[in-house]
Amino acid sequence: MKILVLSLLRLGDIIMQEPLFAEIKAQYPQAQVDVLINDQFLSVREIIPGIDKWIGFPRNELQAMLAKNPSEHLLAFDKLQDQLKELNQKNYDIIFNFTHNFLSARLMDQLTGKDKRGLQYKDGIKLNSQNQWQVYMNESFTELKGSRFHYLEVLANSLGLNVPKKKPAFLRQGNKILLQLFTSDPKKNWQLESFKQLMKMLIQEYPDKSVLALCSPSELSTARKYFSEAQIIAPTLSELKRILANTDLLVSGDTSVQHLAAAQNCKVLSLFMGSADAIKTSAWQLGGYSIEGAADCYPCAHSKPCHQATHICGRSIKVDKVLNFVKVLLSGNEMEKLHGRSEQEHSQGLSC
Amino acid sequence: MITEHFISPELSIPIINEQYFCSRRDPVREASAWANLHTKEIEQADKIVVLGLGAGFHLHFIPRGKEVYFVEFEQALIERFEKICPDSIAKPLTSVGQLKGARILKFQPAIANSAELYQAIANYPSINIKVIAEMLKHYPALEEVKCWNSLRELVV
């Protein structure tokens, strides 16, 4: 049996979907599972195991061609058609669309498979699904609406897959705490000044542990304005995976890194603000916790910049509060100490 | 909603939303004049793409033996033409490839309302994705059109 999964969103989404890839493998143990992703994220093959083939979709290249002289549009057509022809020659038995956008739904129309699941067009007409989970996905994840369920729960149910179990967060007695500084969007970033204060407090509290600021290589220059060279690490994805497997706790606003940490059983304290919605996209982890920003406008729309004069939701998350959570999580007594706190201090482990 | 305006008991022309797509007085003479104007181009071309269908009289003046396509944004006009003239040599354009090597001719009375869009097609091969998607919008189930529609999603 051959299975193709379309996952044409961003890096964090692909990493978040790892438990679902594993679920497909569990449900179809003999199947060859290929995943189509935007080709700029092909490096995920180094951190997500179990996939037979990662196939790159040349989204950026096609968009560049379409943005150029119109005569390049004909070339873009040839390129896309060639790729789809190649995919169709593989004769997939099942095609899952993990992506909830029009492009993927259109591609589903072009792909041939015996069983096609998820958002799709058929002969140019959008299919209205009878699956209530897919309807729920449409209603709650494409607009600025709250959800009662995590993205993975909704996606799994909408595709007829089992909802993957949450991975437990291990209480490690190691020597490393990571503070991940940046996200893909400024409105989801906690203030660097706050991270700096938190680091200072953590160093005092845990003199035996190494407290490090984590960022990507491209974010180094900004990180250096607040932290010394010795306080920063900027690993590649595969290096980061290894580091997280030996880290006591990750404090992060970036869902990509949160999901990667959860996959390594590393405890995660997530800081959610801006458009990041803890209920929808927090780390799929038993024993991880999230602190959400408090603001009337939180969570806001993905596509728009923060419209407030100050970053209200980010500033509502106080350093001493984060420090207290870190202490509790590192003590291993979170069930006892955090249960019953306010709704803003949402525990993924307890509420789900 | 398409309706028929009868010029004589035997001759009618289409109207959509009070809009005409050819002469209200003598559409046949208008079509003949169009063909005369393009006599040389029609003679020399093996493949012709006519922009604008209207009532379709002008297409009857293109001699048989040629490959002829037309582009029309109003689907009702295409359905009407195919019903009235099922044996016409002129077929609706359903592929960008049909523009390749073709002599592209405009039938002005039928394209006045979307002149810019038709002009963009006339600029082939310098034709952009939005225009292509619009040009082929009546045929969403064709594999080629599916591919163009996918690409259309990549353009903001």
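Residues numbered from 1 in each chain as written. Chains lettered and ligands numbered in written order. Predicted model: local features only at pLDDT ≥ 70, side-chain atom pairs only at ≥ 80, totals over all residues. Heavy atoms only, no water.

## Section: the overall build of chain B
To keep things clear, this is the line we draw: A helix here means a DSSP run of H or I that spans at least four residues, while a strand means a run of E at least two residues long, and both kinds are numbered starting from the N terminus. Throughout, the radius of gyration refers to the C-alpha atoms, and the reference size of a globule is 2.2 Å times the residue count to the power 0.38. Each residue's exposure class comes from its accessible area (1.4 Å probe, protein chains only) as a fraction of the maximum for that residue type: buried when under 20%, exposed when over 50%, partly exposed otherwise. Any two residues whose heavy atoms approach within 4.5 Å at even a single point are treated as in contact. To measure how exposed things are, a 1.4 Å probe is used in the Shrake-Rupley method; for residues, cover is taken only from the protein chains shown. Note on charges: Lys and Arg go in the positive column, Asp and Glu in the negative column, and His and the chain ends are not counted at all. A charge is said to be at NZ when it belongs to Lys, at CZ for Arg, at CG for Asp and at CD for Glu.
Regarding its fold elements, chain B presents seven helices and seven strands. Going residue by residue from the N terminus, the α and β elements of chain B occur as β-β-β-α-α-β-β-α-β-β-α-α-α-α. Expected size for 156 residues packed as a compact globule is a radius of gyration near 15 Å; at 16 Å, chain B falls within 12% of this value. With the principal axes as the frame, chain B shows a C-alpha extent of 50 × 40 × 25 Å. Considering chain B as a whole, with its 156 residues, one finds that 49% of them fall into the buried category. Put simply, 53% of the contacts in chain B that link residues at least 6 apart link residues at least 24 apart. For chain B, the exposed surface amounts to about 7900 Å²; the carbon and sulfur share of it is 49%. Charged side chains in chain B number 17 positive and 19 negative. The centres of these two groups are separated by 4 Å.

## With respect to the overall build of chain A
Of regular secondary structure, chain A possesses 16 helices and 15 strands. Relative to its length of 352 residues, chain A is compact, with a C-alpha radius of gyration of 21 Å against a globular reference of 20 Å. Along the first, second and third principal axes, the C-alpha atoms of chain A reach 60 × 45 × 40 Å. Across the 352 residues of chain A, 54% fall into the buried class. A separation threshold of at least 6 residues defines the contact pool for chain A, and within that pool the share at least 24 residues apart is 61%. Taking the average location of the 41 positive side-chain charges in chain A and that of its 36 negative ones, the two points are 1 Å from each other.

## Examining the interface of chain B and chain A
One frequent convention defines the size of an interface as the accessible area lost when the parts assemble. Keep this limit in mind: Buried area counts how much accessible surface, traced with a 1.4 Å probe, disappears from two parts once they are put together, with both parts' losses summed. Whenever a carboxyl oxygen of Asp or Glu lies within 4 Å of a side-chain nitrogen of Lys or Arg, that contact is scored as a salt bridge.
On the side of chain A, 21 residues touch chain B, which itself brings 21 residues to the contact. For the pairing of chain B and chain A, the buried interface totals around 1900 Å² over both sides, and the portion due to carbon and sulfur atoms is 69%. Connecting chain B to chain A are three salt bridges. Between D109 of chain A and K146 of chain B there is a salt bridge whose closest N-O contact spans 3.2 Å. Breaking the side of chain B that touches chain A down by element, the ones donating at least two residues are α6 (129–135) and α7 (143–152) of chain B.

## Thoughts on empty space enclosed by the protein
Using a probe with the size of a water molecule, rolled over the atoms, empty space left in the structure can be pinpointed. Residues and elements named next belong to chain A. Applied cut-off: A cavity here means a set of points on a 1 Å grid, drawn over the protein atoms and nothing else, where a 1.4 Å probe fits but cannot get out; a pocket is an open set with protein on both sides within 12 Å along at least five of seven lines, and a residue lines either one if it has an atom within 4 Å of a point. Grid points are joined across faces, edges and corners, and a volume is the space filled by probe spheres set on the points. Here the term charged refers only to Asp, Glu, Lys and Arg, the term nonpolar to Ala, Val, Leu, Ile, Met, Phe, Trp, Tyr, Cys and Pro, and the term polar to all other amino acids, Gly among them.
Within this structure, the stated rule accounts for three cavities of 30 Å³ or more. Taken as a whole, the largest cavity holds about 80 Å³ of empty space. Around the largest cavity sit K187, G274, C297, Y298, C300, C306, H307, Q308, H311, I312 and C313, which together line it. Considering only residue class, the lining of the largest cavity consists of six nonpolar, four polar and one charged. What lines the second largest cavity is simply N97, T99, H100, G118, L119, Q134, M137, L155 and S158.

## Observations concerning the environment of K79 of chain A
Residues and elements named next belong to chain A. Following the sequence through the fold, K79 ends up in helix α4 (residues 71–88). C-alpha of K79 to C-alpha of L62: the two residues are 17 residues apart in sequence and 8.0 Å apart in space. If we skip the residues at most four places from it in the chain, K79 touches P58, E61, L62 and M65.

## Some words on the sheet that holds strand β6 (residues 90–92) of chain B
Residue and element names in this part refer to chain B. Basically, it comes down to this: We call two strands paired when DSSP finds no fewer than two bridges between them. Interaxial angles span 0 to 180 degrees and are taken between N-to-C directions of axes, which are lines fitted to C-alpha atoms, for helices over the stretch in contact.
Read across the sheet, four strands follow the order β6-β5-β4-β7 without closing on themselves; strand pairing throughout is parallel. A single partner strand is all that each edge strand has here, and the edge strands are β6 and β7 (103–106). Averaged over all pairs of adjacent strands, the angle between strand axes in this sheet comes to 30°, irrespective of strand direction. Two elements, strand β5 (residues 67–71) and β6, share three bridges in a ladder whose sense is parallel. Bridging from a neighbouring strand, Y69 pairs with K91 of β6. Of the strands in this sheet, β4 (47–51), β5 and β7 touch helix α5 (residues 115–122), which is tilted by about 165° from β7.

## A word on the packing of aromatic side chains
Residue and element names in this part refer to chain A. Here is the rule we go by: Note on aromatic pairs: the rings of Phe, Tyr and Trp (six-membered ring only in Trp) are paired at centre separations within 6.5 Å, and the planes decide the class, stacked below 30 degrees, edge-to-face beyond 60, tilted for the rest.
Enumeration according to the criterion identifies 12 aromatic pairs over all chains in this entry. Measuring from centroid to centroid gives 5.6 Å for Y136 and F149, while their planes differ by 75°, and the two rings are edge-to-face. Placement of the pair is Y136 in helix α6 (residues 132–141) and F149 in the loop between α6 and α7 (151–158), with a sequence separation of 13 residues. Classification of F149 by relative accessible area gives partly exposed; the value is 28%. An angle of 55° between the planes, with centres 5.9 Å apart, marks the rings of F141 and Y151 as tilted. Of the two residues, F141 sits in helix α6 while Y151 sits in helix α7, which places them 10 residues apart along the sequence.

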